[in-house]
Structures are given as C-alpha cells and as structure tokens.
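Here are the chains, one letter per residue:
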Amino acid sequence: MISWASFLTIIGMLCVTYGTRLLVFFLLKNKTLSPRMARTMEAAPACVLIAVIAPHFVSPHPHELIALALTVFMAARFNMLPTVLVAVGSSALLGWLMSA
C-alpha cells in the first residue's frame, strides 16, 4: 500500500507538471514557434523530467546522487534517448552495486 506522503507527493508533482504545461500553453498560444521548438514541446516536456528528477536532488542515497550527476552531464551534451538510457541504467546498476 502506498503511503500518504508518497501519494501526496505524486499528486503535487502532477499539479506542478500540469500547471507548468498550462502556463506555457497560455503564454505561447498566440506565438508562432519554430519547427524545432514545436517538436521539442510536443515530444518531451521539460516539466515532466524535472518533476521526476527533482526529488533525487535531496536523496540521502549516494547511488542516486551519482546517477543524477551522470544524467545532468548527459542532458547537457546529448539528445533525450541517450540521456534517459544512461539515467535509468546508471541508477539501476549503481543501486544494485552499492546495495550489495
């Protein structure tokens, strides 16, 4: 069973994510976006990634902080797919190695 704290955290992230999406929609509804920006806005909203990653910035687990640093490094230099693959892979591998 999910704890109330986890449930409220998920609901809070949902509200922030959806609120961010609505805010951008209303701010940009009369603007013309470049084709590249339009693809970016449709493919992977940054607000979703921030909502997923943000709790790990305050994690007490070293493997999550290391995986987070690798993810930030990858995000600064590569496209979405390699970044997500490295993020998930490093988190899983480091979690397994550091808990054993």
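See above for the structure.
What counts, and at which threshold
Residues numbered from 1 in each chain as written. Predicted model: local features only at pLDDT ≥ 70, side-chain atom pairs only at ≥ 80, totals over all residues. Heavy atoms only, no water. Helix = DSSP H or I, 4+ residues; strand = E, 2+ residues; numbered from the N terminus. Expected span 1.5 Å × (residues − 1). Buried < 20%, exposed > 50% of the residue type's maximum accessible area, 1.4 Å probe, protein only. Arc of directions from axis to C-beta. Contact = heavy atoms within 4.5 Å.

Novice: What is the right way to look at helix α5 (residues 80–99) in this model?
Specialist: Since the α-helix advances by 3.6 residues per turn, residues separated by three or four positions end up pointing in the same direction. A rise of 1.5 Å per residue sets the reference length of α5, with its 20 residues, at 28 Å; its end C-alpha atoms lie 28 Å apart and thus fit the reference within 8%. Those residues of α5 that sit buried are T83, A87, S90, L94 and G95. Taken end-on, α5 shows its buried residues confined to a sector of 120°, consistent with a single buried face. Within α5, the exposed residues directed more than 90 degrees away from the buried face are L81, L85, V88 and W96. Where α5 is buried, its residues touch α4 (62–77).

Novice: Mind showing me how you'd approach the side chain of T71 here?
Specialist: Structurally, T71 is set in helix α4. What T71 contacts, discounting residues up to four positions off in sequence, is I53, T83 and A87.

Novice: Is there a simple way to explain the environment of E42 in this structure?
Specialist: Among the secondary structure elements, E42 is positioned in helix α2 (residues 35–43). Distance from E42 to F7, taken between C-alpha atoms, is 27 Å for residues 35 residues apart in sequence.

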